[in-house]
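Okay, here's what each chain looks like letter by letter:
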Amino acid sequence: MAHNTSTFGKIVTLFTDVAAGIAVFGVLVVVLLQVSSRLLGVPVSWTEEATRYLFVWMIFLGLSAGFRTVETARVTVFIGAVPRLFRRLAVPIYVISSVLFFILMGWTGITLVKQQLMMNETAATLAIPMWVIGIIMPVSAVLAVLAIIESLRTRRDLIALPEDAFPVIRTEDADVVTSAGKPS
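Heads up: these notes are all about the structure in this document. (Residues numbered from 1 in each chain as written. Predicted model: local features only at pLDDT ≥ 70, side-chain atom pairs only at ≥ 80, totals over all residues. Heavy atoms only, no water.)

**A look at helix H1 (residues 7–39)**
1) Next: If you check H1, its first and last C-alpha atoms are 47 Å apart, about what 33 residues at 1.5 Å a residue would give, namely 48 Å.
2) Next: Of all the bends in H1, the greatest, near 30 degrees, is centred on Thr13.
3) Next: Restricting attention to buried positions, one finds in H1 the residues Gly9, Val12, Thr16, Ala20, Ala23, Gly26, Val27, Val30, Gln34 and Ser37.
4) Next: Close packing links the buried residues of H1 with helix H2 (47–68) and helix H7 (136–154).
5) Next: Gly41 sits one or two positions beyond H1 and adopts a positive phi of about 85 degrees. (Helix = DSSP H or I, 4+ residues; strand = E, 2+ residues; numbered from the N terminus. Expected span 1.5 Å × (residues − 1). Bend = angle between axes of the 7 residues up to and from the residue. Buried < 20%, exposed > 50% of the residue type's maximum accessible area, 1.4 Å probe, protein only. Contact = heavy atoms within 4.5 Å.)

Written as structure tokens, this is what we have:
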């Protein structure tokens, strides 16, 4: 199946990959500033906190990007061990469980952001509102659901593992066979 990207896919890519790349670049710049300022003997106090928050943004955006490109962890050994009928359910189970997880994450993120707004929390050294940091949870949840939709449309072949990916394992071909009452 071709991996051609539509306008929808390009928008999802922009928001996931480009934003994650900006966060990575931000971490790099802030850490370099932190190291240089310490070497010069004038440490900048806000760099550690800024690095931490940029890293949080980078991880959540990277999570969304991973679902778009189908680079997420899957238990292929388990899928290979179940009968063929259940293997056909792998894609719906993958999609439904992932979307449910991101709905829960988005709802939790919205609750967190509401709490941060209500409490008027600010970051200790950056003096920015904490909701600016916390908003990444619901944003990345929405981006991840959109990424799952895009991956279903363009990379379904990667989600649905091919039948030949699961070798038939026969016990007579095994090097060591153990069973109750028989020596190995």
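Here the narrative resumes, following the displayed structure.
**Considering the side chain of Glu49**
1) Next: Inspection of the secondary structure puts Glu49 in helix H2.
2) Next: Despite its burial, Glu49 remains without a salt bridge, the nearest opposite charge being carried by Arg52 at 4.7 Å.
3) Next: In this structure Glu49 touches Ala123, Ala124, Thr125 and Leu126, once residues within four positions along its chain are discounted. (Lys, Arg positive; Asp, Glu negative; His and termini not counted. Salt bridge = Lys/Arg side-chain N within 4 Å of Asp/Glu carboxyl O.)

**Details of the packing of helix H5 (residues 90–119) against H7**
1) Next: Here H5 crosses H7 at 160 degrees, and the two axes come no closer than 7 Å. As far as their axial angle goes, H7 and H5 are roughly antiparallel. Both H5 and H7 take part in a crossing whose hand is left-handed. Here Val91, Val95, Ser98, Val99, Phe102, Met105, Gly106, Thr108, Gly109, Ile110, Leu112 and Val113 of H5 come into contact with H7, specifically with Met137, Pro138, Ser140, Ala141, Ala144, Val145, Ile148 and Leu152.
2) Next: Tallied by class, the residues present in the contact of H5 with H7 amount to 15 nonpolar, five polar and no charged. (Axes fitted to C-alpha atoms, helices over the stretch in contact; angles between N-to-C directions. Parallel < 35°, antiparallel > 145°, perpendicular 65-115°, else oblique. Left-handed = near helix turned anticlockwise from the far one by under 90°. Nonpolar A, V, L, I, M, F, W, Y, C, P; charged D, E, K, R; others polar.)

**Examining the packing of aromatic side chains**
1) Next: Going through the model one piece at a time under the given rule, you end up with three aromatic pairs.
2) Next: Look at Phe67 and Phe102: their rings are 5.0 Å apart centre to centre, the planes differ by 85 degrees, and that puts the pair in the edge-to-face class. Placement of the pair is Phe67 in helix H2 and Phe102 in helix H5, with a sequence separation of 35 residues.
3) Next: Take Phe102: its relative accessible area is 2%, and that puts it in the buried class.
4) Next: These aromatic residues form a ring-pair network of at least three members: Phe67, Tyr94, Phe101 and Phe102. (Phe/Tyr/Trp six-rings, centres within 6.5 Å; stacked < 30°, edge-to-face > 60°.)

**Side note on the packing of H1 against H2**
In a packed pair of helices, the relevant descriptors are the angle between the two axes and the axis-to-axis distance.
1) Next: Orientation of H1 relative to H2, taken along the N-to-C sense of each, is 155 degrees, at an axis distance of 8 Å. Taken together, H1 and H2 sit at an angle that is classed as roughly antiparallel. With respect to the hand of their crossing, H1 and H2 are arranged in left-handed fashion.
2) Next: Among the residues making up the contact of H1 with H2, the classes are represented as 16 nonpolar, eight polar and three charged.

Function cannot be read off these values alone, since they describe shape.
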